[in-house]
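Reading the structure
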Amino acid sequence: MPSNDNSFDYNLSQHSMCNEDNEVEQNHDVQRVTQPSKQPSRWTVQEDTALISSFMRHSTDNVIGKNQNKNTLWVKVKVLFDLAREANPTIMPKERNPEMLGGRFRRIAVGVMKWVGCYEEAQRRKSSGMNEEDVIQEAHKLHNETDRKFQFEHAWLLLKKYKKWQEIVGHYVDDNISASASKKS
């Protein structure tokens, strides 16, 4: 019976098959042969949460803070991210390297900073009788006018719990924009 995760289940009692790494996978009742995925692996909310928590922990370090080597930062983030993966292997099964973590965080950071601009504009437009949910809905409308649907609300809700998060994330986004602009010149 085919599953929806790019692998195939075969009922081959006591037979063995090889997966993509030529490792034998054997189960008395069901055999699973994994096919390489043609799509990039999607990030889960749990992975984003572990990534953000790891990044914020290391970037808010009172001793080193934001004045640390970029590569060193992402190696430290990976250590904490991997601890979260080990604690939650069923919901965070994918191995991620430091470059993948940095790339995902950049995407989240840019998206959240754009969203914050829309949220702040919605706050300015707030009228009598509007509650926080109304402001968020207005921010979504503003965001959708200029960009596609905001997909990182879970990240924003987590980030805003950190003191000075906008300064830290904004600094990170600005540094990456400057670095990519200097590479193009």
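Before reading further, recall that the structure is shown in the block above.
The rules behind the values
Residues numbered from 1 in each chain as written. Predicted model: local features only at pLDDT ≥ 70, side-chain atom pairs only at ≥ 80, totals over all residues. Heavy atoms only, no water. Helix = DSSP H or I, 4+ residues; strand = E, 2+ residues; numbered from the N terminus. Buried < 20%, exposed > 50% of the residue type's maximum accessible area, 1.4 Å probe, protein only. Contact = heavy atoms within 4.5 Å. Areas by Shrake-Rupley, 256 points an atom, 1.4 Å probe, with all protein chains shown as cover. Axes fitted to C-alpha atoms, helices over the stretch in contact; angles between N-to-C directions. Parallel < 35°, antiparallel > 145°, perpendicular 65-115°, else oblique. Nonpolar A, V, L, I, M, F, W, Y, C, P; charged D, E, K, R; others polar.

Comments concerning the overall build of the protein
- A count of helices and strands for the protein gives six helices and four strands.
- Starting at the N terminus and ending at the C terminus, the protein contains elements arranged as β-β-β-β-α-α-α-α-α-α.
- Looking at the 185 residues of the protein, the share that counts as buried comes to 33%.
- Contacts in the protein between residues at least 24 apart in sequence constitute 53% of all its contacts with a sequence separation of at least 6.
- When the accessible surface of the protein is totalled, it reaches about 12,200 Å², and 51% of it is carbon and sulfur.

A word on the packing of helix α1 (residues 45–59) against helix α3 (residues 98–124)
- Put simply, α1 and α3 touch, their axes get as near as 11 Å, and they point 95° apart. By the criterion of interaxial angle, the relationship of α1 to α3 is roughly perpendicular. Along its contact with α1, which presents Asp48, Leu51, Ile52 and Phe55, the element α3 presents Leu101, Arg104, Phe105 and Ile108.
- Here the contact of α1 with α3 is built from residues that sort into six nonpolar, no polar and two charged.

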